[in-house]
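What the coordinates show
Now for the letters of each chain:
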Amino acid sequence: MKRNVMLMVLAMGVAFTTLSCREKTTAEKIEDSLRSAGEKLEEAGEELEDAAGEAGKALEDEAEKVKSDLKKKLDKIKG
């Protein structure tokens, strides 16, 4: 009886170890890859949004400078 119990405990330990250490299936690997790619795309999108915001601000600043320069030249021509 003790021997049977010990064999059962040993068998359960081997089964648990086998199940917990199994390799990922192809579907799980694909899912992980897609999740990783999605996260990278999201990060790239955020960086692109930040860069676009900075470029827009720089364009607005430059437009204000050009507008100011044109106004000065126009006043100079009129004056």
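Residues numbered from 1 in each chain as written. Predicted model: local features only at pLDDT ≥ 70, side-chain atom pairs only at ≥ 80, totals over all residues. Heavy atoms only, no water.

**Brief notes about the overall build of the protein chain**
Across its full length, the protein chain carries 2 helices and 0 strands. Taking 79 residues into account, the globule formula puts the C-alpha radius of gyration at 12 Å, and the protein chain, at 34 Å, lies well above it. When burial is assessed residue by residue, the protein chain has 0% of its 79 residues classed as buried. For the protein chain, the accessible area works out to roughly 7700 Å², and carbon and sulfur atoms hold 63% of it. Measuring between centres, the 15 positive side-chain charges of the protein chain sit 2 Å from its 18 negative side-chain charges. (Helix = DSSP H or I, 4+ residues; strand = E, 2+ residues; numbered from the N terminus. Rg over C-alpha atoms; globule rule 2.2 N^0.38 Å. Buried < 20%, exposed > 50% of the residue type's maximum accessible area, 1.4 Å probe, protein only. Areas by Shrake-Rupley, 256 points an atom, 1.4 Å probe, with all protein chains shown as cover. Lys, Arg positive; Asp, Glu negative; His and termini not counted. Charge placed at Lys NZ, Arg CZ, Asp CG, Glu CD.)

**Here we look at a negative patch on the surface**
A grouping of Glu39, Glu42, Glu43, Glu46, Glu47, Glu49, Asp50 and Glu54 is seen on the molecular surface, where their side chains present a negatively charged patch. With respect to the element layout, glutamate 42 can be found in helix α2 (residues 26-78). When its relative accessible area of 51% is taken as the criterion, glutamate 42 is described as exposed. (Patch = residues over 30% accessible without salt bridge, like charges linked within 9 Å, V, L, I, M, F, W, Y side chains within 5 Å. Salt bridge = Lys/Arg side-chain N within 4 Å of Asp/Glu carboxyl O.)

**As for the pattern of salt bridges**
All chains considered together, the criterion is met by 3 salt bridges. The partner of aspartate 32 in a salt bridge is arginine 35, and the shortest N-O contact between them spans 3.1 Å. Of the two residues, aspartate 32 and arginine 35 both sit in helix α2, 3 residues apart, roughly one turn of that helix. Residue lysine 57 pairs with aspartate 61 through a salt bridge whose shortest N-O separation is 3.4 Å. With lysine 57 and aspartate 61 both in helix α2 and 4 residues apart, the pair spans about one turn of that helix. A residue is classified by how much of its surface remains accessible, and lysine 57, at 48% relative accessible area, is partly exposed. Salt bridges linked by common partners bring Glu31, Asp32 and Arg35 together as one network.

**Things to note about the environment of leucine 10**
When you line up the elements, leucine 10 lands in helix α1 (residues 2-20). Residue leucine 10 is classed as exposed on the basis of its relative accessible area, which comes to 55%. Taking the C-alpha atoms as reference points, leucine 10 and leucine 59, separated by 49 residues in sequence, lie 72 Å from one another.

**Side note on the environment of glycine 53**
Locating glycine 53 in the fold gives a position in helix α2. Among the residues examined, glycine 53 registers a relative accessible area of 44% and is labelled partly exposed. Considered as a pair, glycine 53 and lysine 67 are 14 residues apart in the sequence and their alpha carbons are 21 Å apart.

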